[in-house]
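Summary of the model geometry
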Amino acid sequence: MVPERESAPRERAASGATAASRTRARLDQPRPPRRRLLPEYDPESFGRLSERVARFLGTGRFIVWMTVVIILWVVWNVSAPSGLRFDEYPFIFLTLMLSLQASYAAPLILLAQNRQDDRDRVNLEQDRKQNERSIADTEYLTREIAALRIGLGEVATRDWIRSELQDVLRDLEERRNGHHPDRGAFPADRSPGRDVRDR
C-alpha cells in the first residue's frame, strides 16, 4: 500500500502541463554561459587602458606630437610632387583623422574620470569610517579621563598632604612651646576626653 501512495503524487506532478514546460533552475550550480553577439572584454583592463590614454592626452607631449604631425601633414601635402600627395588642399582626410581622434578621446577621458570618481568615493567612505572610529576613540578617552579626574578628586594629593603635615608640625611646635590655645601649659590640666577628641 505504501509504494502506491508514493507513486501517486509523482505521477500527478509529472502529468501537469506546467511541470513539463517549466524546468527548475538549480541554485547550487552555475548557469551555463549564454552566447553573446557582442565581443566580451574585461572592464578592468579596458578602464586601465582608458586611464593611460587619458593621462597621455592630458600631457604637453601629446600636444607637441600632434602639432608636429599636423605640420608635417600640411607641409607634405602642399610642397610634395602631385603624385605623392595623399590629401589635397582642403585637407579632408586630416579633418577626418582629427575628428576621429576627438570622438575616441572624449569617451576615454569620461571613462577615466568615472573611474577616478569611483576611487574618490571609496576613499571618502574609508575616510568617513576612519573619522567615525577616531571620534569614538576620542569620546572613549574623554570619558576615561573624566573618570580618572573624578577618582583623583577623592584621593589625597601631594599639596593636601603637605599642608596637613605642615599643620601637624605647627601643632607639635606649639605643644612643645606650651602656646597651644586649646591646651593648658601642663599635661595634668588637660581632661582625657579632650585628648581623645584631638586625636
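These numbers come from a predicted model, not from an experiment.

1. What about the packing of helix H4 (residues 60-79) against helix H5 (residues 92-153)?
- Across the interface, H4 lies against H5 with an axial gap of 11 Å and an inter-helix angle of 165°. Taken together, H4 and H5 sit at an angle that is classed as roughly antiparallel. Regarding H4 and H5, the two cross each other, and that crossing is right-handed. Across the interface between the two elements, Phe62, Met66, Ile70, Trp73 and Val74 of H4 pack against Phe93, Leu94, Met97, Leu98 and Gln101 of H5.

2. Regarding the packing of aromatic side chains
- Inspection of every chain in the model, using the stated rule, returns four aromatic pairs.
- With a centroid separation of 5.6 Å and 75° between ring planes, the pair formed by Phe56 and Phe62 is classed as edge-to-face.
- The class for Phe56 is partly exposed, based on a relative accessible area of 37%.
- Assessed through its relative accessible area of 15%, Phe62 is described here as buried.
- Both rings, one in Trp73 and one in Phe86, keep their centres 5.0 Å apart while their planes meet at 75°; by these two values the pair is edge-to-face. In this pair, Trp73 is assigned in helix H4 and Phe86 in the loop between H4 and H5, connecting sequence segments 13 residues apart.

3. Quick word on H4
- Across its 20 residues, H4 extends 28 Å between first and last C-alpha, which sits within 8% of the 28 Å expected from 1.5 Å per residue.
- Of the residues making up H4, those classed as buried are Phe62, Trp73 and Asn77. Angular distribution of buried residues about the axis of H4 spans 15°; they occupy a single face of the element. Relative to its buried face, H4 has exposed residues pointing more than 90 degrees away, namely Arg61, Ile63, Leu72 and Ser79.
- Lining the buried residues of H4 we find helix H3 (43-57) and H5.

4. Re the pattern of salt bridges
- A complete count under the given rule lists ten salt bridges for this structure.
- Close ionic contact of Arg128 with Glu125 constitutes a salt bridge, the shortest N to O distance being 2.5 Å. Of the two residues, Arg128 and Glu125 are both situated in helix H5; the distance of three residues between them amounts to about one turn of the helix.
- Using a relative accessible area of 40% as the deciding quantity, one classes Arg128 as partly exposed.
- Between Arg128 and Glu132 there is a salt bridge whose closest N-O contact spans 2.5 Å. Here Arg128 and its partner Glu132 are both found in helix H5, four residues apart, which amounts to about one turn of the helix.
- The network of salt bridges with common partners includes Glu44, Glu51, Arg115 and Arg119.

5. Some details on a nonpolar patch on the surface
- Residues Trp76, Leu84, Phe86, Phe93, Leu96, Met97, Leu100 and Tyr104 make up a contiguous nonpolar surface patch of about 840 Å² in total accessible area.
- No other element matches the five residues that H5 contributes to the nonpolar patch.
- Residue position: Leu100 is located in helix H5.

6. Points about the confidence of the model for the protein chain
- Of the residues in the protein chain, 77% have a pLDDT of 70 or more, and the chain-wide mean is 79.
- The secondary structure element of the protein chain with the lowest average pLDDT is helix H7 (residues 192-198), at 44, and the one with the highest is H4, at 93.
- Low confidence marks residues 184-199, where pLDDT is under 50. Its contacts with residues over four positions away, or in another chain, come to five contacts.

Cut-offs and rules
- Residues numbered from 1 in each chain as written.
- Predicted model: local features only at pLDDT ≥ 70, side-chain atom pairs only at ≥ 80, totals over all residues.
- Heavy atoms only, no water.
- Axes fitted to C-alpha atoms, helices over the stretch in contact; angles between N-to-C directions.
- Helix = DSSP H or I, 4+ residues; strand = E, 2+ residues; numbered from the N terminus.
- Parallel < 35°, antiparallel > 145°, perpendicular 65-115°, else oblique.
- Left-handed = near helix turned anticlockwise from the far one by under 90°.
- Contact = heavy atoms within 4.5 Å.
- Phe/Tyr/Trp six-rings, centres within 6.5 Å; stacked < 30°, edge-to-face > 60°.
- Buried < 20%, exposed > 50% of the residue type's maximum accessible area, 1.4 Å probe, protein only.
- Expected span 1.5 Å × (residues − 1).
- Arc of directions from axis to C-beta.
- Salt bridge = Lys/Arg side-chain N within 4 Å of Asp/Glu carboxyl O.
- Patch = residues over 30% accessible without salt bridge, like charges linked within 9 Å, V, L, I, M, F, W, Y side chains within 5 Å.
- Areas by Shrake-Rupley, 256 points an atom, 1.4 Å probe, with all protein chains shown as cover.
- pLDDT = per-residue confidence, 0-100.

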